[in-house]
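Chain by chain, the residues:
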Number of protein chains: 4
Amino acid sequence: MKDLKLVMAKNHDIITPKTQIKIGNLTIGRDFLVIAGPCSVESEEQIMKAARSVKEAGANMLRGGTYKPRTSPYSFQGLGRIGLQYLSKAGLETGLPIITEVTDTRDVYLIGEYADVLQIGTRNMQNYSLLVEVGKIKKPVLLKRGMNATIEEWLNSAEYIMNAGNPDVILCERGIRTFETYTRNTLDLSAVAVVKGLSHLPVVVDPSHATGRADLIIPMSLSAVMANCDGLEIEVHPSPAEALSDKEQQLTPEQFKTLMSVVNKTLAFKEELNRYENTAL
Amino acid sequence: MKDLKLVMAKNHDIITPKTQIKIGNLTIGRDFLVIAGPCSVESEEQIMKAARSVKEAGANMLRGGTYKPRTSPYSFQGLGRIGLQYLSKAGLETGLPIITEVTDTRDVYLIGEYADVLQIGTRNMQNYSLLVEVGKIKKPVLLKRGMNATIEEWLNSAEYIMNAGNPDVILCERGIRTFETYTRNTLDLSAVAVVKGLSHLPVVVDPSHATGRADLIIPMSLSAVMANCDGLEIEVHPSPAEALSDKEQQLTPEQFKTLMSVVNKTLAFKEELNRYENTAL
Amino acid sequence: MKDLKLVMAKNHDIITPKTQIKIGNLTIGRDFLVIAGPCSVESEEQIMKAARSVKEAGANMLRGGTYKPRTSPYSFQGLGRIGLQYLSKAGLETGLPIITEVTDTRDVYLIGEYADVLQIGTRNMQNYSLLVEVGKIKKPVLLKRGMNATIEEWLNSAEYIMNAGNPDVILCERGIRTFETYTRNTLDLSAVAVVKGLSHLPVVVDPSHATGRADLIIPMSLSAVMANCDGLEIEVHPSPAEALSDKEQQLTPEQFKTLMSVVNKTLAFKEELNRYENTAL
Amino acid sequence: MKDLKLVMAKNHDIITPKTQIKIGNLTIGRDFLVIAGPCSVESEEQIMKAARSVKEAGANMLRGGTYKPRTSPYSFQGLGRIGLQYLSKAGLETGLPIITEVTDTRDVYLIGEYADVLQIGTRNMQNYSLLVEVGKIKKPVLLKRGMNATIEEWLNSAEYIMNAGNPDVILCERGIRTFETYTRNTLDLSAVAVVKGLSHLPVVVDPSHATGRADLIIPMSLSAVMANCDGLEIEVHPSPAEALSDKEQQLTPEQFKTLMSVVNKTLAFKEELNRYENTAL
């Protein structure tokens, strides 16, 4: 860990305060972040519907993929620039800041014009050119953990972004590849607790990609809250069965409303627990 | 999954009720099970101290290894039969049922004389002779998941025990091997939620072996509660720094008291949540 | 590696000579060992046919499972003691020493009465009671690498056997579990070269279980020879399509004859290469 | 595998002939390819020395990293454009075609001006923007397998390049991540045999990155030849102990000379074997 200077909470007796990132009224790292929205922006109507429903349920950031990295070149690749415009419009109308993935160094500035937060996906966690490029702009970056990356490799990737000049990094645990086949990947919640201890950066959890199954998202979200995360990223689609990607893991607006209700109650309970117990949870 | 007949919650429209296992006043599968105690029984005094402290804090079962499977033949191998007698005495004095690991088919009847529950360890999950042998006695069996096993392999091992005649199987998730090195293994909480959906058997979680780090045990225990587990297995030692095995992951009696307090509050909160929300959590 | 005393080629300036194990005319560790035969002994006729065909093709040891560890309790579990008698008879008739797996401490002496070599399977590599038990008899032991074991864990298991009194251990690489699905497991040939450098024990390679595919067995056998192994273990069945287990990976007698021919030529080539090149291959 | 149309040897009864790629006098897919050279271009003198030594020993392509993807932002990142000029000069002087890694879509055309073959590294195997970009130029591409990728994901990445217009793809197995720690990664030679059966594309093997150990490179190269590969990529440095990266795994010119000698003999032996045996090796 000798080379991790900027991401660590403590370096040679220097203690770095917890990172807080302001976007409008939202302060990430202080307010619990709930990013919600569809896997992909599929049409203006679809993203608008999704945006309204997640806003109403209480999300405070809107997601939607426009440049999609897919295993096969013949799978739906996203709407690109036009998708970006739909997403932007949906964000403006609902007052939600927006986040979308960037996969190419040449797109960083364009996407930075529209998005409030840039997402680096799991397959690009060690795309160092891209990390350096998003390190040069004035927008927060959400860095997903590589699906096979160790914590140390993940923190090194955050160090790349910060070393290039951008201190506003949000880490996101999204599951790691294991031999288990009942779930798409394996959600690593102890990594969340570990990273919260090592680093001053906020850590959010994406149970949608980690599990790949709508029925596991609520229990894993509540588990993630107890593991001390600073937020969640949840896939929500107006009609999951008709989605162009990730059908199995997107929640309906109704399910998301339930999730928000139980997450909020669990957050309130956890705050109370921290107040009464004289221990670091 | 075609060959899983006895462990599944539903088989050909036949729905099996949740398994409940009675040991004295304790009903596993209904009462939340908290197994606590040292990694190894090291002396009469040590196990007695440990037993009193975990009983006082609210544990309802006492653990202690007497036949220890260790990677190296030169590591401490446990006290064997004499350890079993100490453990038994500590159980009787505190009124706690006891659980200990069995590693050899030839020891099953002897250990069954002393122990209330027999534990099959992670390295023996596919030791089929041993599974069949514990399937023949009238004592409940706690079956740890192999550290590299899939859910399907784990359930097949439970099927072996049940097929040999013993219906009282408790499953225990104890972490799987991944590339991560900050934790000893990776606790797989989505597996808990998955297995609770598939099977009628109770599932407990062992955060001590999964994480290998005392500081992660409280957050992971609370996460496990929210993932719907039926109990916990926690390593507690009167003086962890002097332990003959697993120093880094054993809690002090004081830390365990805190754990019990926050776990109980979280269980109460979860019950309330289930009452008010019309959803399957 | 501090605890590895008996398996290492060099310990504190003491260099241990290469282990050689004599069974009749065969000297394992000097003569190239070719173990061949069916996955399971299925009938007297089947094992007799198999034995004759592998003997004729040039194998120098006969294999056949009689106590089979299977993932599901409902799969074919082997013929047990009667299978052992068939195997023994086939060995006597062809003059081939026989090897079969032992899975239970209680069976060690019985199986030791029949078999010339006892095999510890991949799922029992860390069944320490069994390792100690086979350490007490006067028969060589072939120790398969656990499908998820590191080299260090594997050598520690060999250390258990040797420490219990049995110096005649043969190591067998049989593939490790990875994310790849085209092959049953992944054959780790660099582990063979590594272990040959670390230890004085002979190392054989089992490409049948490693790949799970008949079409890969010849190329992987030749690769294994060039990686410096001391022998091969190959599944051969008189009629693979009718086998009760491991259909996909058993060779026909005809295919095995081809394998023996190309392996022998490759061994001769390698010997010549070692003679002419002044380098440690 | 439904979406793999261009990389497969056979699709709906259409059999695609083996891909052959001409670069000057060299025909990849027919002539055995030996790529050799240092991990990184460090200076004009170093790459010139390396080039002369590998040419003399019989390599037919020169490698050298100029844009280096490193886990930490503080590790040596390569000389960039000036390194490209040194590499190009060394190639011209020795008559060796050159290969170097491209990590950024914006560099594809620049690097394509200098290099004869573009390399996509293991961390960028699923950097789809980059795959599409190298799919648009008229230079062959060597695509390394992701260190955690399955064969299917690897072939899908090749499909991206071919679908974008570039048929000249060379696959390179360079080891996968496993739990083993004695080697840097685990060389997966059965994947080579599998892919040679599925696809018409040439497959080369990189034992330097796979093992991370100079002492394993010769045995693994010979094993790779017997597994049917079409070439090797070997790291060679004039003075490995002084290398700025990958010290442990680079061969000296002397060691490389030995490697070339035994590889050539093994290739000749294998050709003879194929001639006399009536079997598909």
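Predicted model only: the values in this text are computed from it and were never measured.

### So, the packing of helix H9 (residues 253–276) of chain A against helix H9 (residues 253–276) of chain B
With their axes 11 Å apart at the nearest point, H9(A) and H9(B) run at an angle of 155° to one another. As summarised for this structure, H9(A) and H9(B) are arranged roughly antiparallel, according to the angle between their axes. H9(B) is crossed by H9(A), and the crossing has right-handed handedness. The segment H9(A) lies against H9(B), with A:Val262, A:Lys265, A:Thr266, A:Phe269 and A:Leu273 engaging B:Val262, B:Lys265, B:Thr266, B:Phe269 and B:Leu273. Looking at the contact of H9(A) with H9(B) residue by residue, the classes come out as six nonpolar, two polar and two charged.

### Side note on the interface of chain A and chain C
Taken together, the contacts link four residues of chain A with four residues of chain C. Its largest share of buried area at the contact with chain C, chain A owes to A:Asn148, A:Arg177 and A:Phe179, together 94% of the area lost on that side. Linking chain A to chain C there are zero salt bridges. In this structure, the connection of chain A to chain C is made through zero residue pairs in polar contact (both at pLDDT 80 or more). Tallied by class, residues from the side of chain A that touches chain C come to one nonpolar, two polar and one charged.

### Focus: the pairing of strand E10 (residues 169–173) of chain B
Residues and elements named next belong to chain B. Along E10, five of the five residues are buried, which leaves the element largely enclosed by surrounding structure. Side-chain alternation along E10 places Val169, Leu171 and Glu173 on one buried face and Ile170 and Cys172 on a second face that is also buried. Judged from the four bridges that link them, strand E9 (residues 141–144) and E10 form a sheet pairing that is parallel. Within E10, the position partnered with Val141 by the bridge is Val169. Between the parallel pair E9 and E10, the chain is carried across by helix H5 (residues 151–163), and the sense of this crossover is right-handed. Here three bridges tie E10 to strand E11 (residues 203–205), and the two strands are oriented parallel to one another. If you follow Leu171 over to E11, its bridge partner there is Val203. For the handedness criterion, the β-α-β arrangement of E10, helix H6 (residues 189–198) and E11 is classed as right-handed.

### Brief notes about the packing of aromatic side chains
Residues and elements named next belong to chain A. Per the stated rule, a full pass over the model turns up 10 aromatic pairs over all chains. Relative to Tyr160, the ring of Tyr128 has its centre 4.5 Å away and its plane inclined at 25°; by these criteria the two rings are stacked. Taken as a pair, Tyr128 in helix H4 (residues 128–134) and Tyr160 in helix H5 (residues 151–163) lie far apart in primary sequence, 32 residues in all. Residue Tyr128 is classed as buried on the basis of its relative accessible area, which comes to 6%.

### Here we look at the relation of the copies chain B and chain A
Overlaying chain B on chain A yields an RMSD of 0.0 Å, the required transformation being a rotation through 180° with an accompanying axial translation of 0.0 Å. Expressed as an axis order, the relation between the two copies is that of a two-fold axis. Identified as the residue of chain B closest to the rotation axis by C-alpha distance is B:Ser223, at 2.0 Å. When the interface residues of chain B are mapped onto chain A, 100% of them are again interface residues, pointing to one common binding face.

### As for the UniProt feature "domain: DAHP synthetase I/KDSA" (unreviewed entry) in chain A
Per the UniProt record, "domain: DAHP synthetase I/KDSA" (unreviewed entry) is annotated on residues 16–265 of chain A. Taken end to end, residues 16–265 of chain A has its terminal C-alpha atoms 31 Å apart, with 38% of it in helix and 16% in strand.

### Considering the relation of the copies chain A and chain C
Two chain copies here: they are related by a rotation about an axis and a translation along the same axis. Screw-axis analysis of chain A against chain C gives a translation of 0.0 Å along the axis, an RMSD of 0.0 Å, and a rotation angle of 180°. By residue overlap, the copies meet face to face through one surface: 100% of the interface positions of chain A are interface positions in chain C.

### Here's the deal with the sheet that holds strand E8 (residues 117–120) of chain A
Each strand in a sheet pairs with its neighbour through backbone hydrogen bonds, running either in the same direction (parallel) or in the opposite one (antiparallel). All names here are of chain A. Judged by pairing direction, the barrel is parallel, and its eight strands sit side by side in the order E5-E6-E7-E8-E9-E10-E11-E12 before closing back on the first. Between one strand axis and the next, the sheet turns through 25° on average, direction left out of account. In terms of strand pairing, strand E5 (residues 33–37) meets strand E6 (residues 61–63) through two bridges, oriented parallel. Residue pairing across strands places Ala36 opposite Leu62, the latter belonging to E6. Contacts between helix H1 (residues 44–57) and the sheet are confined to E5 and E6, with E6 contributing the most and set at about 150° to the helix. Helix H2 (residues 81–94) contacts E6 and strand E7 (98–101) of the sheet and is inclined by roughly 160° relative to E7.

### So, the interface of chain B and chain A
Listed as interface residues are 41 residues of chain B and, on the opposing side, 41 residues of chain A. Summed over both partners, the interface of chain B with chain A comes to about 3400 Å²; 71% of that surface belongs to carbon and sulfur atoms. There are two salt bridges connecting chain B and chain A. A salt bridge links A:Glu180 to B:Arg145; the nearest nitrogen and oxygen atoms lie 3.1 Å apart. Our count for the chain B to chain A interface comes out at seven residue pairs in polar contact (both at pLDDT 80 or more). Every element with two or more residues in the side of chain B that touches chain A is listed here: H5, H6, helix H8 (214–226) and H9 of chain B. Per-class residue counts for the side of chain B that touches chain A are 22 nonpolar, 12 polar and seven charged.

Definitions and cut-offs
Per-chain numbering applies: the sequence of each chain, read as written, is numbered from 1 onward. Just so you know, chain letters begin at A and ligand numbers begin at 1, following the order they were written in. Since the coordinates come from a predicted model, pLDDT governs what is reported: local features require at least 70, and pairs of side-chain atoms require 80 or more to be given and counted, while whole-chain, interface and lining totals use all residues. The basis for the side-chain values is all heavy atoms of the structure; hydrogens and waters are excluded. Angular values range over 0 to 180 degrees, each being the angle between N-to-C directions of two axes fitted as lines to C-alpha atoms, with helices fitted over their stretch in contact. The helix and strand labels rest on DSSP assignments: H or I over at least four residues marks a helix, E over at least two residues marks a strand, and numbering proceeds from the N terminus. Each angle is binned into one of four classes, with values under 35 degrees roughly parallel, values over 145 roughly antiparallel, values of 65 to 115 roughly perpendicular, and all other values oblique. Handedness of each helix crossing follows the sense of rotation of the near helix against the far helix: counterclockwise by less than a right angle gives left-handed, clockwise gives right-handed. In what follows, residue pairs with any heavy atoms lying within 4.5 Å of each other are defined as contacts. For this classification, Asp, Glu, Lys and Arg are treated as charged, while Ala, Val, Leu, Ile, Met, Phe, Trp, Tyr, Cys and Pro are nonpolar and the rest, including Gly, are polar. Here the buried area means the combined drop in accessible surface, using a 1.4 Å probe, for two parts upon being joined, counting both sides. A pairing counts as a salt bridge when a side-chain nitrogen of Lys or Arg comes within 4 Å of a carboxyl oxygen of Asp or Glu. Side-chain atoms alone can form a polar contact between residues adjacent in sequence; in general such a contact is a pair of N or O atoms within 3.5 Å, and within protein one must be able to donate a hydrogen while the other accepts it. Only protein chains enter the calculation, and the probe is 1.4 Å; a residue is then buried if its accessible area is under 20% of its type maximum, exposed if over 50%, and partly exposed in between. Between any two strands, pairing holds if DSSP finds at least two bridges. We call a crossover right-handed when, viewed with the strands running away from us, the connection from the first strand over the helix to the second turns clockwise. Stacked, edge-to-face and tilted are the three classes for Phe, Tyr and Trp ring pairs, Trp counted by its six-membered ring, which pair at centre distances within 6.5 Å; planes under 30 degrees apart are stacked, over 60 edge-to-face, the rest tilted. Least-squares superposition aligns the copies on the C-alpha atoms of those residues with pLDDT at or above 70 in both. UniProt positions are given in the numbering used here, feature names are shortened, and annotations may be inferred rather than shown by experiment.

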